Amino acid sequence: MKKSLLLATITALLLTGCGKDQDVLVVGTNAAFPPFEYMGGANGDEVKGLDIDIAKAIAADAGKTLKVENLKFDSLIVALNSGKIDFIASGMTITDERQKSVNFSTPYYEATQVVIVNQDSQVFNTPADLAGKKIAVQLGSTGDIMAKELKAEVVAFNTGFEAFMELKNHKVDLVLFDSQPAATYLAKNPTLKQLDIDFSPEFYGIAVAKNQPELLSQINATLVRLQSSGEYQQLLEKYQK
Ligand code: GLN
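The structure presented is a predicted model; accordingly, all values stated were derived computationally and were not measured. (Residues numbered from 1 in each chain as written. Predicted model: local features only at pLDDT ≥ 70, side-chain atom pairs only at ≥ 80, totals over all residues. Heavy atoms only, no water.)

**Q** Describe in detail the nonpolar core, supporting the description with residues and values.
**A** The biggest cluster of nonpolar side chains holds 41 residues, and the ones touching the most others in it are Ile54, Phe87 and Ile116. Take this core: its biggest share by element is six residues, from helix 2 (residues 50–61). Among residues more than four places away in sequence, those in contact with Ile54 are Tyr108, Ile206, Leu223, Leu226, Tyr232 and Leu235. Phe124, Leu130, Ala147 and Leu176 belong to the second largest nonpolar core, which has 15 residues in total. (Core = buried A, V, L, I, M, F, W, Y, C linked by side-chain atoms within 4.5 Å. Buried < 20%, exposed > 50% of the residue type's maximum accessible area, 1.4 Å probe, protein only. Helix = DSSP H or I, 4+ residues; strand = E, 2+ residues; numbered from the N terminus. Contact = heavy atoms within 4.5 Å.)

What follows is the structure, given as structure tokens:
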């Protein structure tokens, strides 16, 4: 009797992938990157944003319920590869380095890095002008990688908000951050401004573990569906106000 119960339990665990709910898709994100992901809702405890709406569509197309895990940006890839989350939707730029450890969907958003300074700051005109400057970035972001390449003095924070706080306190010369979240922050902070420096474009993708090719094709199919139905355009308009 006991033996068969044990066997049944083991079989059940194997069938459900060691306790993971098959009806749930878990998206990992870092909810400090508006309008892509941020804390909102009536009590401020709900993760919202463009990436979350895309993730909901992915789960709905797969016939599953979406669960959102709010994690540190630089721990997302580790969480994905350990199976804690099923995919990453976090304004994550497709880079060669990241492609060594994860697969990315087709690109869904074009962005660029921008330079934000205090209104009273000196003006920088080219990326080369930033060498030797003190730059605040988000840890593990493309801004972080780029600032290091610029031979600047880099101070990395878990969120862009903290990087901007450091700038407002005049502890750094500038913040290097993604264009749209920077614009969102700038709109609420009139003591800051954006400088006109050209950086190359970056493209956001949804990241999936290398051993989940089916999920990757499902995600790409959802992206195509959202784009061709016009829903994606509506989402962009909703979040890029
Ligand atoms: N796009 C940047 C990157 O991939 C920043 C993303 C983020 O901070 N959420 O590194």
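Back to the text.
**Q** Just give me the short version of the site of the ligand, but keep the residues and values in it.
**A** Lining the immediate surroundings of the ligand are Phe33, Phe73, Ser90, Gly91, Met92, Thr93, Arg98, Gln138, Ser141, Thr142, Asp178 and Tyr204. Within the side chain of Gln138, one N or O atom sits 2.8 Å away from an oxygen atom of the ligand. Relative to its unbound accessible area of 290 Å², the ligand is 100% covered by the protein chains. When grouped by side-chain class, the residues that make up the shell around the ligand number four nonpolar, six polar and two charged. (Near = heavy atom within 4 Å. Polar contact = N/O pair within 3.5 Å; in protein donor to acceptor, adjacent residues only side chain to side chain. Areas by Shrake-Rupley, 256 points an atom, 1.4 Å probe, with all protein chains shown as cover. Nonpolar A, V, L, I, M, F, W, Y, C, P; charged D, E, K, R; others polar.)

**Q** Report on unusual backbone geometry, specifying residues and quantitative values.
**A** Backbone geometry follows two general trends: most residues other than glycine have a negative phi, and most peptide bonds adopt the trans configuration. A cis amide bond links Pro34 to the next residue, Pro35, at an omega of 5°. Locating Pro35 in the fold gives a position in the loop between strand 2 (32–33) and strand 3 (37–40). One non-glycine residue, Lys151, lies in the positive phi region at around 60°. By relative accessible area, which is 67% here, Lys151 ends up exposed. Even without being a glycine, His170 presents a positive backbone phi close to 55°.

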